[in-house]
Amino acid sequence: MAPARAESSDRPGPSHETGGRLRSSVGARLLVLGLIVALAAALGAPARSAKSGQTTADEPQYLLTAISLAEDLDLDISDELRDERFRPFHTADLPQQTEPRADGSRISPHDPLLPLLLAVPTRIGGWMGARLTMAAMAGLLAALTAWLAIRRFDVRTAAAVLAVGALSVTAPLVGYGSQIYPELPAALAAIVAVAALTGPLGRRGRVVSVLALIALPWLAVKYVPVAATLGAIGMVRLWRRGDRVVALGLVGAVALAGVVYLWFHQAVYGGWTAYASGDHFVDGELLALGGDPDPSGRAYRLTGLLTDRGFGLVAWAPAYLVAVAGVAGFLWSRPRRWAAVAAPLAVGWLSATFVAESMHDWSWPGRQVVLVLPLVAVATAWWLDRVPAAVPALVALTLAGLVLWGWLLVEVATGGTSFSLIVDLERTGNPLYGVWRTVLPDYRNPTLLTPLLGAASTVALMALAALGVRAVRRAPGADDTGADMHPAIDDDDRAEVPVL
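Residues numbered from 1 in each chain as written. Predicted model: local features only at pLDDT ≥ 70, side-chain atom pairs only at ≥ 80, totals over all residues. Heavy atoms only, no water.

Right, let's talk about the packing of helix 2 (residues 59–71) against helix 4 (residues 113–153) for a bit. Across the interface, helix 2 lies against helix 4 with an axial gap of 7 Å and an inter-helix angle of 100 degrees. It follows from the interaxial angle that helix 2 and helix 4 lie roughly perpendicular. Facing helix 2, whose interface residues are Glu59, Tyr62, Leu63, Thr65, Ala66, Ile67, Leu69, Ala70 and Glu71, helix 4 presents Leu114, Pro115, Leu116, Leu118, Ala119, Thr122, Arg123, Trp127, Ala130 and Arg131. Among the residues forming the contact of helix 2 with helix 4, the class breakdown is 13 nonpolar, 2 polar and 4 charged. (Axes fitted to C-alpha atoms, helices over the stretch in contact; angles between N-to-C directions. Helix = DSSP H or I, 4+ residues; strand = E, 2+ residues; numbered from the N terminus. Parallel < 35°, antiparallel > 145°, perpendicular 65-115°, else oblique. Contact = heavy atoms within 4.5 Å. Nonpolar A, V, L, I, M, F, W, Y, C, P; charged D, E, K, R; others polar.)

Take the packing of helix 4 against helix 6 (residues 183–197) next. Look at helix 4 against helix 6: their axes get within 8 Å of each other, and the N-to-C directions meet at 35 degrees. Regarding helix 4 and helix 6, the two cross each other, and that crossing is left-handed. Listed contacts from helix 6 to Leu114, Met134, Met137, Ala138, Leu140, Leu141, Leu144, Thr145, Trp147, Leu148 and Arg152 of helix 4 are Leu184, Pro185, Ala187, Leu188, Ile191, Val192, Val194 and Ala195. A per-class count over the contact of helix 4 with helix 6 returns 17 nonpolar, 1 polar and 1 charged. (Left-handed = near helix turned anticlockwise from the far one by under 90°.)

Moving on, we come to empty space enclosed by the protein. Scanning all chains against the criterion turns up 3 cavities of 30 Å³ or more. Volume-wise, the largest cavity comes out at about 60 Å³. Looking at the largest cavity, the residues that line it are Val37, Ala138, Leu141, Ala142, Thr145, Ser168, Leu173, Leu184 and Pro374. If you tally residues by element for the lining of the largest cavity, the top one is helix 4, at 4 residues. Counted by class, the lining of the largest cavity contains 7 nonpolar, 2 polar and no charged residues. As for the second largest cavity, its lining consists of Leu305, Met359, Asp361, Ser363, Trp364, Gly366, Arg367 and Gln368. Its residues placed into classes, the lining of the second largest cavity shows 3 nonpolar, 3 polar and 2 charged. (1 Å grid on protein atoms, 1.4 Å probe; cavity = no way out; pocket = protein on both sides within 12 Å on 5 of 7 lines; lining within 4 Å. Points joined across faces, edges and corners; volume = space filled by probe spheres on them.)

Residue placement: Trp316 occurs in helix 11 (residues 313–316). Taking C-alpha positions, Trp316 is 7.8 Å from Thr170, a pair spaced 146 residues apart along the chain. The residues touching Trp316, leaving out its near neighbours within four places in the chain, are Ala171, Gly310, Trp364, Pro365, Gly401, Leu404, Leu408, Leu425, Glu426, Thr428 and Tyr433. A distance of 2.8 Å separates the side chain of Trp316 from the backbone oxygen of Gly310, its partner in a polar contact. (Polar contact = N/O pair within 3.5 Å; in protein donor to acceptor, adjacent residues only side chain to side chain.)

With that settled, the discussion passes to the confidence of the model for the protein. Per-residue pLDDT for the protein averages 85, and the proportion of residues at 70 or more is 87%. Note that pLDDT drops below 50 for residues 12–18; the model gives that stretch 14 contacts with residues more than four away or on any other chain. (pLDDT = per-residue confidence, 0-100.)

A few words now on the side chain of Ser49. By the element assignment, Ser49 lies in the loop between helix 1 (20–42) and helix 2. Take Ser49: its relative accessible area is 1%, and that puts it in the buried class. If we skip the residues at most four places from it in the chain, Ser49 touches Gln54, Thr55, Thr56, Glu59, Arg131, Ser420, Leu421, Ile422 and Val423. (Buried < 20%, exposed > 50% of the residue type's maximum accessible area, 1.4 Å probe, protein only.)

What follows covers unusual backbone geometry. A cis amide bond links Ala171 to the next residue, Pro172, at an omega of 0 degrees. Tracing the chain through its elements places Pro172 in the loop between helix 5 (157–168) and helix 6. Positive phi is not limited to glycine here, since Glu84 has a value of about 55 degrees. By the secondary structure assignment, Glu84 is in the loop between helix 3 (78–82) and helix 4. The phi angle at Arg337 is positive, at roughly 70 degrees, despite the residue not being glycine. Looking at where Arg337 falls in the secondary structure, it is placed in the loop between helix 12 (320–333) and helix 13 (339–354). In this structure Arg337 comes out as buried when scored by relative accessible area, which is 2%.

Soluble globular proteins tend to pack their nonpolar side chains together in the buried interior. Counting 133 residues, the largest nonpolar core has Leu230, Tyr320, Trp364, Trp383 and Leu421 as the members making the most contacts within it. A total of 19 residues in this core trace back to one element, the largest contributor, which is helix 4. Apart from residues lying up to four places away in sequence, Trp383 is in contact with Val322, Ala325, Gly326, Gly329, Ala390, Gly468, Ala471 and Val472. Judged by nonpolar contacts, the second largest core, of 7 residues, contains Leu69, Leu75, Ile107 and Ala119. (Core = buried A, V, L, I, M, F, W, Y, C linked by side-chain atoms within 4.5 Å.)

For helix 9 (residues 244–268), with 25 residues, the first-to-last C-alpha span of 36 Å sits near the 36 Å given by 1.5 Å per residue. Every buried residue of helix 9 is listed here: Ala247, Leu250, Ala257, Tyr261, His265 and Val268. Where helix 9 is buried, its residues meet helix 7 (203–219) and helix 8 (224–240). Looking one or two places after helix 9, you find Gly270, whose phi comes out positive at around 80 degrees. (Expected span 1.5 Å × (residues − 1).)

Moving on, we come to helix 6. Given a rise of 1.5 Å per residue, 15 residues ought to cover 21 Å, and the 21 Å separating the end C-alpha atoms of helix 6 matches this to within 8%. Within helix 6, 14 of the 15 residues are buried, which leaves the element mostly enclosed by the surrounding structure.

Using the criterion set out here, one finds 10 aromatic pairs in the structure. An aromatic cluster is present here, built from Trp218, Tyr261, Phe264 and Tyr269 joined pairwise through their rings. (Phe/Tyr/Trp six-rings, centres within 6.5 Å; stacked < 30°, edge-to-face > 60°.)

Further remarks concern the environment of Val395. Here Val395 is to be found in helix 15 (residues 391–414). Between the C-alpha atoms of Val395 and Ala163, which are 232 residues apart in sequence, the distance is 9.1 Å.

This part takes up the pattern of salt bridges. Taken as a whole and judged by the stated rule, the model has 13 salt bridges. Note that Asp83 and Arg82 form a salt bridge whose closest N and O atoms lie 3.3 Å from each other. For Asp83, a relative accessible area of 46% puts it in the partly exposed group. Overlapping salt bridges bring together Asp58, Glu183, Lys222 and Arg367 as one network. (Salt bridge = Lys/Arg side-chain N within 4 Å of Asp/Glu carboxyl O.)

Take a look at the structure:
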């Protein structure tokens, strides 16, 4: 049986509030957490992503668009391509992505919000300035995620900082804390939306939630399902408490933003999405889902996103084994406001499973689920606060993940052009990864052994989930955490947005 929880003065609920000193203490811990995570992410900023340079895949496209926005105030990267402005961060010839337009302009087939966020940092500090800005966002995301766990889900500060920190200083969040992709800013927008939607939803909360929801598709259209889910949560909550005019206003604001989004993309990209300007999708924008979508054939990703030998979360961050137990315990207990975490998490994971073209690409593993991993951290923090016996396991597995990440960075730093962070990561000489390779399935290069390893890993995940549920059921006070005791979302919080 898990040991009883001692009540702590750092629990932030109104009945335990001890004034300015407590708020200052919690804020200081969150600040330290954010700085540690930002530093961990920044350590990866100088790393070479591929033999062809510091960046790979879509990163050069985002940087070129950021340069164009900073210097020309437009999205046309034809002059940047002509002048080979990518050479400082991509030494080889840049693979073609854009479809030339009638007027000679070229628009990168990626939504514009990330380049807009990075325009000034790129102008000031080049590609390194952009990557360090991403690292700062990683620190902010970690601090806000821990704040969300503490303030909205009554998690003690120590448990929140430990759980969120463990999953933030290891891959993939630490990796995307320096690489130029919209995944981490999108995760930040999603956490902001959840923080607003689980607060009192006054005027400020509604404005913040709408802005966060609008930001998601402008980062990438693939985030629309999660944005729609979060919007539905806000609308239902307002409707149920009687604010039906406000709820309809929320729907109207989001719908108007959607119209503006579609109009802009038709005018600038020549289609309903940014994919319309890409040379890969000249036969239709839906090719972004794959030339021959096979939903049933993608079902293996439900667990493969965790257990795949090369691109699963567990392969590079074993702490997600504890997260499996934590999420299962959280979902079984259904604490107050649980739906605001569970619904977008489920939609995001299903989108990565059935909608994304692939989970194996030229980016760091786990890219398709980064959007919802901070929600995994919130659920894990809630569970860990009630099952402190799991702390040693989380610490040990986090250390293993840090060794994996640090080992890779050393290999990149000492390997010259022969070893890169993204293209060569599975060639690492780390003996710990060598062990993982023997027990995890390889869905990219399946053999006769792959179904057996896949089945065994799925059974192991189910066992961990069962242990997570059993542990939280036996925890003191478990009878007070069920859905019958608390609504999914309520109005007893006073803080609409985090104030660290």
